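Close look at the chain arrangement
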Amino acid sequence: PTTVMPVYTATKYAVVGFTRAMHVAASKRYDPSIKKNVPTGIRVHAVCPSFADTGMVNADTLAKDPRNKRTVELFGGLLTPDFVSEAAFEKCVDDPAARAILRVTPVDGVKFDEPGAHPVEKAVRNNA
């Protein structure tokens, strides 16, 4: 989340909330023959990279906006799209116990997220 892009931040939070709900809802179904919920094997994930080097955020766009540049620096810099996609594939496909939200940052690496604000998000808000 960033204070200079509130609409983007709001939509990202919406996707994270929806994904957490769907991760639980899709994981089971009611079986009327045994009157119990049974596992479906379906998992729903959202991959949340901090900032990846794309058309939206890159060295050129950061050079024009010092506030965004500082935010990206707090998160440890730009990730490559290849790193993000490889992390997602490795963690979400290979781990049947995977949680709903996969956070990918240069500072913390690749890990499944617990609900709540990340320490860097708090630092960004405090420095805004």
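Let me begin by describing the structure that accompanies this report. Residue indices follow the written sequence of each chain, beginning from 1 at its first position. Per-residue local features are limited, in this predicted model, to residues with pLDDT of at least 70; the limit for side-chain atom pairs, both in listing and counting, is 80 or more; totals at the level of whole chains, interfaces and linings are taken over all residues. Hydrogens are left out, water is left out, and the side-chain values use all remaining heavy atoms of the structure.

Regarding the overall build of the protein chain
Only DSSP runs of H or I with at least four residues qualify as helices, and only runs of E with at least two residues qualify as strands; both kinds are numbered from the N terminus onward. Counting its secondary structure elements, the protein chain contains 5 helices and 5 strands. Tracing the protein chain from N to C terminus, the helices and strands come up as α-β-β-β-α-α-α-β-β-α. Exposed residues in this analysis have more than 50% of their type's maximum accessible area, buried residues have under 20%, and partly exposed residues fall in between, with area computed by a 1.4 Å probe over protein chains only. Burial analysis of the protein chain (128 residues in total) assigns 31% to the buried set. Note on definitions: a residue-residue contact is assigned when non-hydrogen atoms from the two residues lie within 4.5 Å. Within the protein chain, contacts between residues separated by at least 24 positions form 56% of all contacts whose residues are at least 6 apart in sequence.

Concerning the sheet that holds strand S5 (residues 109–112)
Following DSSP output, two strands are said to pair if at least two bridges run between them. Read across the sheet, 3 strands follow the order S3-S4-S5 without closing on themselves; strand pairing throughout is mixed. Edge positions in the sheet fall to strand S3 (46–49) and S5, since each of these pairs with one other strand and no more. With direction set aside, neighbouring strand axes in the sheet form an average angle of 20°. In this fold helix H1 (residues 6–25) packs onto S3 and strand S4 (101–105), with an angle of close to 145° to the strand it touches most, S3. Contacts from helix H4 (residues 81–94) reach S3, S4 and S5 within the one sheet, and its direction differs from that of S4 by about 145°. What counts as an axis is a line fitted to C-alpha atoms, over the stretch in contact for a helix, and the angles between N-to-C directions run from 0 to 180 degrees.

Describing the pattern of salt bridges
Salt bridges are defined by distance alone: a side-chain nitrogen of Lys or Arg within 4 Å of a carboxyl oxygen of Asp or Glu. For the coordinates displayed, the defined rule picks out 1 salt bridge. Of the charged contacts, one joins glutamate 73 and arginine 70 as a salt bridge, the two residues approaching to 3.9 Å between their closest N and O atoms. Here arginine 70 and glutamate 73 lie together in helix H3 (residues 66–74), a separation of 3 residues that amounts to about one turn. Judged by its relative accessible area of 43%, glutamate 73 is partly exposed. With a relative accessible area of 43%, arginine 70 lands in the partly exposed category.

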